[in-house]
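# Structure at a glance
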Amino acid sequence: MKFLRYEMQGSINWGWYFEGMIGKIDGNIFDRYRRFESNIEIQDVRLLPPVAPSKIICIGRNYASHAAEHQVEVPEIPLIFLKPPSSLIGNNEKIILPPQSKQVEHEAELGVVIGKRGRWIDPELAEEYIFGYTIANDVTARDLQRLDGQWSRGKGFDTFCPVGPHIDTEFDPSDALLTCKVNQQVRQMASTRDMVFPIERLIAFISSVMTLEPGDLILTGTPAGVGILKENDMIEIEIEGLGELKNEVSGES
Ligand code: MG
């Protein structure tokens, strides 16, 4: 099933999506909920990020090709960092370039949404903790990331985490093609099969550090081809089977 979040007439709701139509959901999508008829046209709502996580955990250098383009080694254990929930935006919302950076870049990534609370999760049981999958963009101010050493500023600006358009609970992440286009030009293309650490290992590793909560979002790393974003660029990230995440780039307002 495909879950999304939307705003209509000032109220924010969870919904389910089927063939261009949305049905409202009451309750908690990670526990008990009730679905209503899908009778809302998607163009009549504003789509929000389909997640409201307590934290966004990201993986650095999880594709050998991306580590190579930055002349760094693939890590021996997963390299993790956080983005703040305030960085989230939904499909069709604008990425705002901050005035502090001259080098804002896209990083197309597969997102994993956690469905169940867990600590010290066994990799063999990790699948039980996955609610579904979505598309994400780990937007990065590369100059500030390099300057600071710590990544919080370079990765943490408002609008630096576009996610959507929906969560798919039936997606198979084993070999899906990920494509990122900027102004129709292909910048990134790779299969999720090329991840250094598979998703089960990432969940086991992260949960050995921090409790994962329902709704938490994991960004699984980006393949080669990251590049600069300029004002008025249109970025489209497609993951086979998950749809397309589109965002325009805007200057600081
Ligand atoms: Mg990344």
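As shown above, the structure is provided for reference.
Quick look at the structure, then. As the structure is a prediction and not an experimental result, all values here were calculated from the model.

Bringing the packing of aromatic side chains into the picture now. Tallying each qualifying case throughout the model produces six aromatic pairs. Here the aromatic residues F3, F30, Y33 and F131 are joined through ring pairs into a cluster of three or more. Its guanidinium or amino end placed over the ring of W16, R35 lies 4.5 Å from that ring's centre, counting from NZ or CZ. Over the ring of Y129 we find K116; its NZ or CZ atom is 4.6 Å from the centre of that ring.

The magnesium ion binds to the protein through E107 (OE), E109 (OE) and D138 (OD); the donor distances cover 2.0 to 2.1 Å. In the primary structure, the donors to the magnesium ion are separated according to the pattern E-x1-E-x28-D. Taken together, the residues E109 in strand β11 (residues 108-114) and D138 in the loop between β12 (130-137) and β13 (140-141) connect sequence positions 29 residues apart. Comparing E109 with D138, the two get one shared label, buried.

It is worth spelling out the state of the cysteines at this point. Per the counting criterion, the structure on display carries zero disulfides. Cysteine C161 is unpaired, with the sulfur of C58 as its nearest cysteine sulfur at 6.3 Å. Its relative accessible area of 0% is what places C161 among the buried residues.

What follows covers the layout of surface pockets. In this structure, the largest pocket occupies an estimated 260 Å³ of space. If you trace the largest pocket, you find 19 residues lining it, with R61, H70, R142, Q145 and W151 closest to the centre. Breaking the lining of the largest pocket down by element, the ones donating at least two residues are β6 (56-60) and α2 (142-148). When residues of the lining of the largest pocket are assigned to their parent elements, the largest contribution, three residues, is made by α2. Of the residues in the lining of the largest pocket, the class split is four nonpolar, eight polar and seven charged. Computed from the structure, the second largest pocket encloses a volume of approximately 180 Å³. As for the second largest pocket, its lining consists of P123, E124, E127, I130, F131, G132, Y133, T169, F171, P173, I199 and E200. Elements with a contribution of two residues or more to the lining of the second largest pocket: β12 and α4 (199-207). By residue number, the principal contributor to the lining of the second largest pocket is β12, which donates four residues. Of the residues in the lining of the second largest pocket, the class split is seven nonpolar, two polar and three charged.

Attention now goes to the pairing of strand β16 (residues 185-191). Summarising the sheet, strand β15 (residues 177-182) and β16 pair through six bridges and their orientation is antiparallel. Paired with V182 across the strands is Q185, a residue of β16. Between β15 and β16, which pair antiparallel in sequence order, lie two residues; one of them, N183, sits at a positive phi of approximately 50 degrees.

Moving on: the pattern of salt bridges. As enumerated under the stated definition, the model contains 15 salt bridges in all. For K2, the salt bridge identified is with D168, shortest N-O distance 3.5 Å. In this pair, K2 is assigned in strand β1 (residues 2-8) and D168 in strand β14 (residues 161-168), connecting sequence segments 166 residues apart. On the accessibility criterion, K2 (28% relative accessible area) is partly exposed. With relative accessibility at 6%, the residue D168 sits in the buried group. Across the salt bridge formed by K83 and D138, the nearest N and O atoms sit 2.6 Å from each other. Residue K83 is found in strand β7 (residues 79-83), and its partner D138 is found in the loop between β12 and β13; the two are separated by 55 residues along the sequence. We classify K83 as buried; its relative accessible area is 2%.

What counts, and where the lines are drawn
- Residues numbered from 1 in each chain as written.
- Predicted model: local features only at pLDDT ≥ 70, side-chain atom pairs only at ≥ 80, totals over all residues.
- Heavy atoms only, no water.
- Phe/Tyr/Trp six-rings, centres within 6.5 Å; stacked < 30°, edge-to-face > 60°.
- Lys NZ or Arg CZ within 6 Å of the ring centre and 35° of its normal.
- Donors = N, O, S within 2.8 Å, 3.2 Å for Na, K, Ca; no water.
- Helix = DSSP H or I, 4+ residues; strand = E, 2+ residues; numbered from the N terminus.
- Buried < 20%, exposed > 50% of the residue type's maximum accessible area, 1.4 Å probe, protein only.
- Disulfide = S-S within 2.5 Å.
- 1 Å grid on protein atoms, 1.4 Å probe; cavity = no way out; pocket = protein on both sides within 12 Å on 5 of 7 lines; lining within 4 Å.
- Points joined across faces, edges and corners; volume = space filled by probe spheres on them.
- Nonpolar A, V, L, I, M, F, W, Y, C, P; charged D, E, K, R; others polar.
- Pairing = 2+ DSSP bridges.
- Salt bridge = Lys/Arg side-chain N within 4 Å of Asp/Glu carboxyl O.

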